[in-house]
Structure formats: C-alpha cells, structure tokens
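# Survey of secondary and tertiary structure
Residue strings, one per chain:
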Amino acid sequence: MVIYMKKNTVSETLVDSTAIKIIRNNYNYCYLQAMQKKIQLVPIENLIVGSSYGLYGILESIFQNGALNLSMHNQDIYYNYFAVRQALKNCNAKPKRCFILLGYYALAQDLSSQTRLGHTLIKHIYYPLYCDSHNWESPESFDIWEWAGVYQLFDSPDIAISELKQTINYFIWQQGSYFNSHCQRATSMTEKLNGIPWAECNHSLRTQLAQERAEAHNKLIHYEDSLAENKQLMHEFMEYLSSEGIQPIVVIPPFSNEYNSFVLPTYHHQILNTLDEMPYDIHYVDFNQYDIWSPYDFFDADHLSQQGAIRLSAFLNDMFVSD
C-alpha cells in the first residue's frame, strides 16, 4: 500500500521547517506517533515491541511481509502493553504475531516510579502520546505544538497541526526503520568507546563498560513492588494477545559475553518462571543460550550493531514467520 500526503493548505515552507524542528528535537515522540498512525493505514503481520533492544535488534525489512516496530528506549512492560493495545484499537488488520524484546531485568523496571529519566520520557513521549503516566501521579505537561510555536506561527493552528502531523509521519515512514541516515546508533557508552567498534576495543574497557551497565540493571532487583506489578502486567499482556488471536513471542536478544558475566542469574529465572506459570501459548527464545554471536554483532555491551540486527531479524523470521 502506498501512502500519499495531501497537499498542504498552509504555508508549505513554514510547515516543513517547523516539522524539521519538531523531528530533530522530539524524534522519539514523532517516531511512535508515526508508527501508531501507520498501523491504522497498512496491514501489519509482524508487530515488534520492547525497549531499546527492540530498536537496536530489529531490521523490519527482513521480516516476511514486513514488520512495524513500537519499541522505544527504556520502554518498560507497562508501556509495551499500552502501546500494543493502542495500536490494535484502530488497526487496519490484526497482526499475526507480536515479538516482545526484553532485557533480563525487565520485570523489575518501572519508568514512572524509579528514575528521573523515566519521568522525562513520560513527560516528552508517553503522556503527550497516550495521556497516561502510569504510577506518576502528577505528571508535568508538555505541549509539543506550543513548544514549536505553532499557535503563534500559524493563523489556523488546528489546520497547521494536522498538516504537521502528516509531514512528520510521512518523513518517518520513508525512513523504513528507527535508525537511518537521519538517526544513527548511539548509546550512553558511545562517548566512552570514542568511535571504536565494540569488537575492536581492548578487553579491559569492554569488561569495565559491561560491568557498569549490568550493575545498573542489577540494582533494579530491589524494587519488589515493581516486580510484583510487572508479573501481573505480563500476565495481562499475554492474555490480551491470546484473546486477540495474536501469537506472543517473548525474545531475549543476545548480549555480549562481558555483560552476561555480570548480570544477575536470578533475572533469567524470573522471566522464564513467570511465563511458565501462564496458561497461554507463548513462544520464548533466549538468544544468549546460543554460542553463535561475534563481538562484531554488538554495538556496545548489550545492544546489537547493524550486523547483529540483521542476523537476529533473520533468525526470528526463519523461526517464526517464514512458510
């Protein structure tokens, strides 16, 4: 299906320049908004959702009949579930399967109650997009159109907002994937790696960065309330997909050997035991159980490179999608 944009009814130059400003400064919000709109217009067979692991680990074009990715940096189980429910409300056609990419620590994470970063993401992405702040009782408001000066720049702001949404969505759709020529791979480790590929860094630096990353994730184990809530949310999520006739596929993507040597083994058992207790047909695969990954498959300690994303996407397509 080809999606055409209607001709702008307000100044095209001003709409374009404003849209560029919004995309550059609010790319994550724009990306998720565009994906939520796309699923209303295009039949999607494979739905992807998860944290940054879903962004770094998936190349949609490799999937047979394509895929749509609702993943986002630091996205927790609550917002994974919320994003999927929102997408299916007005979807063009129900997906056949939903790939849920999780880190080992996912059951202990709650954006709304644990970190200042979580509140920042809710303020700038999830609350404007979904009007939902989960456990954050008094979320700060953020009007992206006011931030961009739309109400002052345009004589007819409502028409301008409609045109801006079309322009932004069309730009995002054209890219084909979250990472593209306009948005390059970069993480909190990028500066420390100093442009050197993960595979070419010396072992001591890789070990140090992986330990720092794993220990940050290990600290989440102490959030017992979050763990209990996320187990219930995961149960509701799987029940929801099953009731909609959509196959749930829970994926633990591969992590570097250095990261895996420091992450808590308890996390492994938590996810698997939680899924095993559910009375639903759930496919589960942990790619860290397969000794098939090269250091060149990794961008950093726990995110895949472009090469790794191609390989993981091909494995998932062959395992669960191909005829």
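Our subject is the structure that appears above.
Here the structure is a predicted model, which means the values were calculated and not measured.

The next point concerns the overall build of the chain. When its secondary structure is counted, the chain shows 15 helices and 5 strands. Relative to the compact-globule value of 20 Å for 323 residues, the chain shows a C-alpha radius of gyration of 20 Å, a close match. For the C-alpha atoms alone, the extent of the chain along its principal axes is close to 60 × 45 × 45 Å. Long-range pairs, those at least 24 residues apart, make up 77% of the contacts in the chain between residues at least 6 apart in sequence. Entry remark: accessible area of the chain is about 15000 Å², with carbon and sulfur atoms responsible for 48%. Distance between charge centres in the chain, computed from 21 positive and 35 negative side chains, equals 6 Å.

The 5 strands are arranged S2-S1-S3-S4-S5 in an open sheet whose pairing can be described as parallel. Taken across any chain shown, the strands that pair with only one partner, and hence form the sheet edges, are strand S2 (67-69) and strand S5 (283-286). When strand polarity is set aside, the average angle formed by the axes of neighbouring strands in this sheet is 20°. The pairing of strand S4 (residues 247-252) with S5 spans 4 bridges and is classified as parallel. Residue pairing for S5: Val250 is matched across the bridge by Tyr284.

In this section: the side chain of Glu258. By the element assignment, Glu258 lies in helix H13 (residues 257-260). The class for Glu258 is buried, based on a relative accessible area of 9%. Setting aside anything within four residues of it in sequence, one finds Glu258 in contact with Trp198, His203, Arg206, Thr207 and Ala210.

Conventions we followed
Here, residues in each chain are numbered from 1, in the same order as that chain's written sequence. Only residues with pLDDT of 70 or above have their local features reported here, since the model is predicted, and side-chain atom pairs are shown and tallied only from 80 upward, although totals for entire chains, interfaces and linings are computed over all residues. By convention in this description, side-chain values take in all heavy atoms of the structure and omit both hydrogens and water. A run of DSSP states H or I qualifies as a helix once it reaches four residues; a run of E qualifies as a strand once it reaches two. Both are numbered from the N-terminal end. Based on C-alpha atoms, the radius of gyration is set beside the globule rule, defined as 2.2 Å times the residue count to the power 0.38. Working rule for contacts: check all heavy atoms of both residues, and any pair within 4.5 Å makes them a contact. The Shrake-Rupley method, run with a 1.4 Å probe, gives the accessible areas here. Residue values count only the displayed protein chains as cover. Residues counted as positive are Lys and Arg, residues counted as negative are Asp and Glu, and His and the chain ends are not counted. A charged residue contributes its charge at one atom only: NZ of Lys, CZ of Arg, CG of Asp or CD of Glu. Any two strands with at least two DSSP bridges between them are considered paired. Axis angles are defined between N-to-C directions and span 0 to 180 degrees, where every axis is a line fitted to C-alpha atoms and, for a helix, only to the segment in contact. Throughout this description, buried means an accessible area under 20% of the type-specific maximum (1.4 Å probe, protein chains only), exposed means over 50%, and partly exposed covers the range between.

These figures come from the coordinates and say nothing about function on their own.
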